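# Examining the three-dimensional arrangement
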Amino acid sequence: MESPPFSLEPPPLVPRRESGAGLPDPLSATAGEAVLNPDSRRNSFSVGRPPNSPSPLALMATGSPPARPQRYKVQPPDLASLDYIDTPAPQLICGICQSPYVLPVRLPCDHYFCKDCLSHHFATQDAGNKSCPMCRGKLDINQESLEVPKIMQDMLDALRVRCPNTRFGCSWEDERGNVRTHVMIYCKHSLVECPVAGCDLYCTQTDYGKGCLHYTVQCEKCQGSIYQSDVEILFLDMKKHMDSDCPNTVAACQGNIVGCKVAEIRKDVVAHERTCPMALMAPYFREQQTRLGLAEARIGPLERKVGLLERGLDSITYKLYPAKSRRGTLENLYSEDTTSVPSDSIPEFRLPDPSFPQWGSNDRATAPPPFDSQIDHLLTLHESLREEVSRIKMELNESEGRTNMLVFNENARIRDDMLHMSGALNNVRAQVHWMMSEKLRPSASSGGSTAAADSNKAASSNGNTRSGTQGASHSMAARTAAARLPPRRLSDSTRQETKL
Amino acid sequence: MSSVAKKRILKEYAECSNDLPSGMKVIFDEANLTKWDVVMEGPAESPYAVCLELAMCFDKRSLMHQGGHFKLEINFPNDYPFKPPVVNFKTKVYHPNVSNDDKGSMCLGMLRPEEWKPPNKVISVLHLIQNLLVEPNIDDAIETSIANDYKTNRAEFNKTAQDWVKRYAK
């Protein structure tokens, strides 16, 4: 177990309870802080005496005068040392302090100065021989100072400033006219008089309850000392001090990133580092490490990219061989594609050599990929598949055109046939119609037996003439028969002649 | 030294670092605000530039660095700005307004206590010094012999001044 981070000096003389019995809160808080805080603070400080006041613990031990009243007194802000956010107009700047006027005074010669600056100036001059700092005009010191224009005061009040307690952590920024109110009432970081009587120093309002912090603490290792009250502010600095400066802290050799095991107090390590070859190489290795880190950081996005490409490839393969993609790995897909894919549809297509490793298994060391990288491989794969797809697309287009042509030709032929058929059908229909009307006419015109006899007679005569006189007589008979028939349509008669 | 004076000196330093006459450099120690070291190059158009002949031939700007380097010291009194700063040439210089001793003090114009006004700034002092190197102020000379030389025998004056520059103001 290492020594307690804070060793108190002088050691507590009296137990806290006895001493703090009659004391108001701030003081007992002091003791509490001083004794209990060590555990909460990491760095190793030893506590010394307050600079010009007895130790807080000694104060308590003697039951010395109680703290100042709880109502703490805030120091009014020093307007002359404010930090202005914007550069003020030159007309508002005092010639003596080169800052914007604070409580400006107007001299009879119409020159303005800060009240304080002017009194400083008068202090350097002989009595009865006062003059204006600007024009050296004689001044009567007893003369009433002239009124300063209101607009000037307003402009000064409107200048934007930072809180004077910025260095204690306040981030307030506003017009100068509000500074006093802010510091006196609202600012948590204002300096107040130390709560412990006898201590003349100031602490920030937030630390008021912690009692007197104005004793020095020392870095236990190197005896550099700071005020306890500044530890809050310098806490980070102290950590840095421990980490990088303090010559007595244990530190490791610079070469430890390469394997140097030396770790001693910093003084010795510095001496060691001059001779240690590993420490000499350390900057180089550190640089390499940062580069390695950068490279590793870039791998992540690339891996995601590979994943995307892989998925794209999968979907393309699925489109190409829908039946196969269910079977899982690309490898057995490639091994079987020659047998399963019909060779006439994509005759010369081969996927690239399937000997690259599985992407799922991260075993890169044992099976180096045949390509420069998996991405290259995937890209070539992707490219060949893309070409294949476009080729197939062209072929499809071509065959579609061919089929279209074929169908069209066939169609035309069939249409011709159908025209012929319908013509023939029409002829048949006309003939049938004619024959029907021939048969129906006699019975319809004479009715009864005479119609039947007539038709028989005509038929027999018809038959006689055909057998007796041959072609000519036959046409004659036909004409007579036609004459007897109701007039036929022209188209019908012509049809009859041509077709039958 | 009062905090007012410190504040003012800091302010003036900030101003100087923004807007210094060309060829000047202020070396400033935060631990000791009251002493400024100034390194100044001899203005090219004055005999205090190292190669006056060259300066005539070439572009002036390229010769900026050829001037002699003069070291100055500015000391601020405790009741600055109510008293003038004290300017001393640490480098020996052949000039009517600079005392020809190991102090190299200059005391003229606004630097005189009775002439000094609190609103004057260091930067105007620096400008004054630079202008004096180009054109000495004969009527306000400390070294009357040098002033005489300057008045009556300009060529001799220039020659001696350059000699001194070569000898002291490397």
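Labelled according to an unreviewed UniProt entry, chain B appears under the name E2 ubiquitin-conjugating enzyme, originating from Sporormia fimetaria CBS 119925.

As recorded in an unreviewed UniProt entry, chain A goes by the name RING-type domain-containing protein, listed as coming from Sporormia fimetaria CBS 119925.

## Considerations on the pattern of salt bridges
Two side chains carrying opposite charge are able to pair once their charged atoms lie near each other. Residue and element names in this part refer to chain A. If you walk through the whole model with that rule in mind, you get 14 salt bridges over all chains. A salt bridge links Glu 173 to Arg 162; its shortest N-O distance comes to 3.6 Å. Of this pair, Glu 173 sits in strand 7 (residues 173-175) while Arg 162 sits in strand 6 (residues 160-162), and the two are 11 residues apart along the sequence. Judged by relative accessible area, Glu 173 falls into the partly exposed class, the value being 38%. Judged by its relative accessible area of 26%, Arg 162 is partly exposed. Across the pair Arg 391 and Glu 388 runs a salt bridge whose closest N-O atoms are separated by 2.8 Å. Here Glu 388 and Arg 391 lie together in helix 11 (residues 374-445), a separation of 3 residues that amounts to about one turn. A single network of salt bridges, built from pairs that share partners, joins Asp 83, Arg 162 and Glu 173.

## Topic: the interface of chain B and chain A
Listed as interface residues are 15 residues of chain B and, on the opposing side, 14 residues of chain A. Summed over both sides, the interface of chain B with chain A buries roughly 1,300 Å², with 61% coming from carbon and sulfur. Of all residues in chain B, Lys 7, Phe 82 and Pro 119 of chain B give up the largest surface area on contact with chain A, accounting jointly for 38% of the area buried on that side. At the boundary of chain B and chain A, one finds 0 salt bridges. Scanning the region where chain B abuts chain A turns up 6 residue pairs in polar contact (both at pLDDT 80 or more). Grouping the constituent residues of the side of chain B that touches chain A by class yields 6 nonpolar, no polar and 9 charged.

## Let's talk about the nonpolar core
Across soluble globular proteins, nonpolar side chains show a tendency to be buried alongside one another. Residue and element names in this part refer to chain B. By size, the foremost hydrophobic cluster in this structure holds 40 residues, and its most contacted members are Trp 36, Phe 89 and Met 106. For this core, the elements supplying multiple residues, two or more each, are helix 1 (3-18), strand 1 (24-29), strand 2 (32-41), strand 3 (69-75), strand 4 (86-89), helix 3 (122-134), helix 4 (144-152) and helix 5 (154-168). The element best represented in this core is helix 3, accounting for 7 residues. In contact with Met 106, other than residues within four places in its own chain, are Val 87, Phe 89, Asn 97, Val 98, Leu 111, Ile 129, Leu 132 and Ile 142.

## So, the packing of helix 1 of chain B against helix 3 of chain B
All names here are of chain B. For the pair helix 1 and helix 3, the least separation of the axes is 9 Å and the interaxial angle reads 50°. Taken as axis vectors, helix 1 and helix 3 run oblique relative to one another. Between helix 1 and helix 3, the contacting residues are Glu 12, Glu 15 and Cys 16 on the first element and Val 122, Ile 123 and Leu 126 on the second.

## Some points on the side chain of Ser 99 of chain B
Residue and element names in this part refer to chain B. Position of Ser 99 relative to the elements: it lies in the loop between strand 4 and strand 5 (105-106). Polar contacts involving the side chain of Ser 99 include one to the side chain of Asp 101, which spans 2.8 Å. A polar contact is formed between the side chain of Ser 99 and the backbone nitrogen of Ser 105, at a distance of 2.9 Å.

## Structural notes on helix 3 of chain B
With 13 residues, helix 3 of chain B should cover 18 Å at 1.5 Å per step; its first-to-last C-alpha distance of 19 Å lies within 8% of that length. Packing partners of the buried residues in helix 3 of chain B comprise helix 1, strand 1, strand 2, strand 3, strand 4 and strand 5 of chain B.

## A short note on a nonpolar patch on the surface
A contiguous nonpolar patch, built from Ile 257, Val 258, Met 278, Leu 280, Met 281, Tyr 284 and Phe 285 of chain A and spanning about 590 Å² of accessible area, is present on the exposed surface. Residue placement: Leu 280 of chain A occurs in helix 9 (residues 277-320).

## Considerations on the environment of Asn 165 of chain A
Residues and elements named next belong to chain A. Structurally, Asn 165 is set in the loop between strand 6 and strand 7. Placed 26 residues apart in sequence, Asn 165 and Leu 191 show a C-alpha to C-alpha distance of 7.9 Å. Residues contacting Asn 165, with those up to four places away along its chain left out, are Cys 170, Val 183, Cys 187, His 189, Ser 190 and Leu 191.

## Digging into the sheet that holds strand 7 of chain A
All names here are of chain A. Ordered in space as 3-6-7, the 3 strands form an open sheet in which the pairing is antiparallel. Looking at which strands have only one partner, the edges of the open sheet turn out to be strand 3 (83-84) and strand 7. The sheet contact formed by strand 6 and strand 7 spans 3 bridges and is antiparallel. Bridge pairing in strand 7 links Arg 162 to Glu 173.

## Let's talk about the pairing of strand 1 of chain B
Residue and element names in this part refer to chain B. Here strand 1 shows one buried face, formed by Met 24, Val 26 and Phe 28, and one open face, formed by Lys 25, Ile 27 and Asp 29. Note that strand 1 and strand 2 share 6 bridges and pair antiparallel. Looking at the pairing, Lys 25 lines up with Val 39 of strand 2. The turn linking strand 1 back onto strand 2 is made up of 2 residues.

Here is what the cut-offs are and how they apply
- Position labels on residues start from 1 in each chain and follow its written sequence.
- Chains and ligands are labelled sequentially in the order written, the chains with letters from A and the ligands with numbers from 1.
- It should be noted that, the model being predicted, local features are given only for residues of pLDDT at least 70 and side-chain atom pairs only at 80 or more, the latter also being counted only at that level, while totals for whole chains, interfaces and linings use all residues.
- Note that the side-chain values use all heavy atoms of the structure and ignore hydrogens as well as water.
- We define a salt bridge as a side-chain nitrogen of Lys or Arg found within 4 Å of a carboxyl oxygen belonging to Asp or Glu.
- Numbering of helices and strands runs from the N terminus, with a helix taken as a DSSP run of H or I at least four residues long and a strand as a DSSP run of E at least two residues long.
- Whether a residue is buried, partly exposed or exposed follows from its accessible area with a 1.4 Å probe, protein chains only, as a fraction of its type maximum: under 20%, in between, or over 50%, in that order.
- The contact criterion used is simple: two residues touch if any of their non-hydrogen atoms lie within 4.5 Å.
- By buried area we mean the combined loss of accessible area, with a 1.4 Å probe, across both parts when two parts are placed together.
- Polar contact criterion, stated in full: a pair of N or O atoms within 3.5 Å, where within protein one must be able to donate a hydrogen and the other to accept it, and residues adjacent in sequence count only if both atoms are side-chain atoms.
- Residues were grouped as follows: Ala, Val, Leu, Ile, Met, Phe, Trp, Tyr, Cys and Pro as nonpolar; Asp, Glu, Lys and Arg as charged; and all remaining residues, including Gly, as polar.
- In this text, buried Ala, Val, Leu, Ile, Met, Phe, Trp, Tyr and Cys residues form a nonpolar core when linked through side-chain atoms within 4.5 Å.
- Orientation is described by axes fitted as lines to C-alpha atoms, over the contacting stretch for helices, and by angles from 0 to 180 degrees between their N-to-C directions.
- For classification purposes, angles smaller than 35 degrees are called roughly parallel, those larger than 145 roughly antiparallel, those between 65 and 115 roughly perpendicular, and all remaining angles oblique.
- The span one expects for a helix is its residue count, reduced by one, times 1.5 Å.
- Every patch collects residues that have over 30% relative accessible area and no salt bridge, joining them within 9 Å if they carry like charges and within 5 Å if they are nonpolar side chains (Val, Leu, Ile, Met, Phe, Trp, Tyr).
- Reported accessibility uses the Shrake-Rupley method at a 1.4 Å probe radius. Residues are deemed covered only where the shown protein chains occlude them.
- Think of it this way: DSSP has to see at least two bridges between two strands before they count as a pair.

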